[in-house]
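Next come the chains, spelled out residue by residue.
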Amino acid sequence: MTDKPLALVVDDEPDILELLEITLERMGIETCTATNLSTAKATLGRRAVDLCITDLRLPDGDGTELVEHIQRLYPTIPVAVITAHGNMETAIRALKGGAFDFVSKPLDLQILRNLVTTALQTSKRPVGEQPRTRYLLLGDSSAMRIVRAMITKVARSQAPVHISGESGTGKELVARRIHEQGPRNEHPFVPVNCGAIPAELMESELFGHRKGAFSGAVTEHAGLFQAAAGGTLFLDEIADLPLAMQVKLLRAIQEKAIRPVGASREIPVDVRILSATHKDLAALVQTGSFRKDLYYRVNVIELNVPPLRERREDIPMLVEHCLDRCAAMSGLTVPRISNAALNTLLHYSFQGNVRELENILERALTLCEGDSIKPSDLLLPETTDTPRASLPTENTTPITAAPAATEGSLDPLLDTIERETILKALEQTRWNRTAAAKSLGISFRALRYRLKKLGLE
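Residues numbered from 1 in each chain as written. Predicted model: local features only at pLDDT ≥ 70, side-chain atom pairs only at ≥ 80, totals over all residues. Heavy atoms only, no water.

**Describing the packing of helix α2 (residues 37-46) against helix α3 (residues 63-73)**
Thought 1: Orientation of α2 relative to α3, taken along the N-to-C sense of each, is 15°, at an axis distance of 10 Å. Comparing their axes, α3 and α2 come out roughly parallel. Crossing of α2 against α3: the hand is right-handed. Mapping the contact onto sequence places L37, A40, K41 and L44 in α2 and E65, L66, H69 and I70 in α3.
Thought 2: The class makeup of the residues in the contact of α2 with α3 is five nonpolar, one polar and two charged. (Axes fitted to C-alpha atoms, helices over the stretch in contact; angles between N-to-C directions. Helix = DSSP H or I, 4+ residues; strand = E, 2+ residues; numbered from the N terminus. Parallel < 35°, antiparallel > 145°, perpendicular 65-115°, else oblique. Left-handed = near helix turned anticlockwise from the far one by under 90°. Contact = heavy atoms within 4.5 Å. Nonpolar A, V, L, I, M, F, W, Y, C, P; charged D, E, K, R; others polar.)

The following block contains the structure:
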């Protein structure tokens, strides 16, 4: 008996088998070998294998058939596939079939060692086991149960995942959950908003640069790929990448290597790529603003995060969580939300999804008098949404509707008006907060919250 992990290596080329056996043995891994599909399946039935590495071209079949066989009968065994250099279509097909990762010929031994180490960490974690996390993905709706099940599944793979969904649905939160449930969770999670980096700095930010590579490059700079070494690089709003950068990103993903600006050669990088956007990537491919080959490379697995209006049954739980957090941040007592106010939220369309709900509740916490949030505290525009759930209302107080705002224009204006009004009241009462609150017609608690929010404490 041995405590060493056991790897099944499947290839019909003796030189490749020998190279893999030597490499794995030096890593403290025992190996068993097979030269064809039928022998590999028989070995899996006899021995407890921790990892499988298989060529995609076998004498009696396709390596993807072995991937599917293992996925069906031995789902805890990660399978890495070996593919011919440049044959990315086959590699992507294997990843879609459930392969853990791929490595291209000629074999880069450092890439192979990184792959094996990560794969073995995956095989040690029982299926369904989830580490503790501070990133909560709240909701008991069927839609959210599907999302959580998908996260658990894709976390055990290294295949690129594209997270789609409207703004404010929590795409970055889903990406963090994938990272934390996967074998790279002890390494960095590096998020980058592709739309927030100027085009002329994009290459340097992602890949780094050498000293003297351009004017102002006075020191060497490690890019975001290197910052995420061993971990996960999350490319948020990937649709905003310029076409020139899309070409370079595609090469970095396929070759698992980057070339810093000013460098003479590529350096290997070991990162998992997750991406997201609220835009329709397939439509952008049709218009030519997003490369088709990059689309297929980052969209190996798609995970869609549903909008809030499609999981309204989760709203009460989200409301409770958001109010608890907002009250804790401001040092206030958590207010109760009236049934009438909750009904209003259940009927609302939420174009901004969970992020919009958070903003609405933060505003309501400021406006409410006493210990209860009423419909008038929500300041929602009128909506024609058909409710899917409702609660008995406590009264028939009409809802005060506010006009819909143009995104990005109204909030700063309201903050300015609010700041000036509060400052004027404080000056008139010689900074007596109790008197100022009374003159403004709000509670002392509401004034204290607004002072903190506006940085006037």
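**Notes on unusual backbone geometry**
Thought 1: With an omega of -5°, the peptide bond between K105 and P106 qualifies as cis.
Thought 2: Looking at the element boundaries, P106 is found in the loop between β7 (101-104) and α5 (109-124).
Thought 3: We note that E237 has phi near 50°; this positive angle belongs to a residue other than glycine.
Thought 4: Topologically, E237 is positioned in the loop between β10 (232-236) and α10 (243-255).
Thought 5: E237 sits in the buried class, given a relative accessible area of 13%.
Thought 6: Here K256, not a glycine, exhibits a phi torsion of approximately 55°, which is positive.
Thought 7: Position of K256 among the secondary structure elements: in the loop between α10 and β11 (257-258). (Buried < 20%, exposed > 50% of the residue type's maximum accessible area, 1.4 Å probe, protein only.)

**So, the pattern of salt bridges**
If the charged atoms of two oppositely charged side chains come close together, the side chains can form a pair.
Thought 1: All told, the structure shown has 17 salt bridges when counted by the stated rule.
Thought 2: Residue E65 is joined to K41 by a salt bridge in which the shortest nitrogen-to-oxygen separation is 3.0 Å. Of this pair, E65 sits in helix α3 while K41 sits in helix α2, and the two are 24 residues apart along the sequence.
Thought 3: With a relative accessible area of 26%, K41 lands in the partly exposed category.
Thought 4: Residue D62 pairs with R93 through a salt bridge whose shortest N-O separation is 3.6 Å. One end of the pair, D62, is in strand β5 (residues 61-62); the other, R93, is in helix α4 (residues 88-96), and 31 residues separate them in sequence.
Thought 5: A relative accessible area of 26% means that D62 is categorised as partly exposed.
Thought 6: A single network of salt bridges, built from pairs that share partners, joins E13, D55 and K105. (Salt bridge = Lys/Arg side-chain N within 4 Å of Asp/Glu carboxyl O.)

**Examining the state of the cysteines**
Thought 1: Tallied over the entire structure, the rule returns zero disulfides.
Thought 2: Free of any disulfide, C32 has its nearest neighbouring cysteine sulfur in C52, separated by 8.6 Å. (Disulfide = S-S within 2.5 Å.)

**Looking at the pairing of strand β14 (residues 301-304)**
Thought 1: Residues I301 and L303 point to one face of β14 and are all buried, whereas E302 and N304, pointing to the other face, are not buried.
Thought 2: Alignment of strand β8 (residues 161-164) against β14, held across four bridges, turns out to be parallel. Note on β14: the bridge partner recorded for S164 is N304. (Pairing = 2+ DSSP bridges.)

**Structural notes on the packing of aromatic side chains**
Thought 1: The final tally for this structure, using the stated rule, is four aromatic pairs.
Thought 2: Seen in terms of ring centroids, F207 and F225 are 5.5 Å apart; in terms of plane orientation they differ by 45°. Their pairing is tilted. Note that F207 is positioned in helix α8 (residues 202-207) and F225 in helix α9 (residues 224-227), a separation of 18 residues in sequence. Taken individually, F207 and F225 each receive the classification buried, so the pair is uniform in this respect.
Thought 3: Here Y348 and F350 contribute two aromatic rings whose centre-to-centre distance is 4.8 Å and whose plane-to-plane angle is 80°, an arrangement assigned as edge-to-face.
Thought 4: The buried category is assigned to Y348, whose relative accessible area is 7%.
Thought 5: In this structure, K256 packs its charged tip against the face of F102, placed 4.5 Å from the ring centre. (Phe/Tyr/Trp six-rings, centres within 6.5 Å; stacked < 30°, edge-to-face > 60°. Lys NZ or Arg CZ within 6 Å of the ring centre and 35° of its normal.)

**Comments concerning the sheet that holds β10**
Thought 1: The parallel open sheet is built from five strands, whose spatial order is β9-β10-β13-β8-β14. If you trace the sheet from one side to the other, it starts and ends with β9 (189-193) and β14, each paired once. With strand direction ignored, the average angle separating the axes of adjacent strands in the sheet is 20°.
Thought 2: Together, β8, β13 (272-277) and β14 form the strand contacts of helix α6 (residues 142-155), whose direction differs from that of β14 by roughly 155°.

Purely geometric stuff here, so don't read any function into it on its own.
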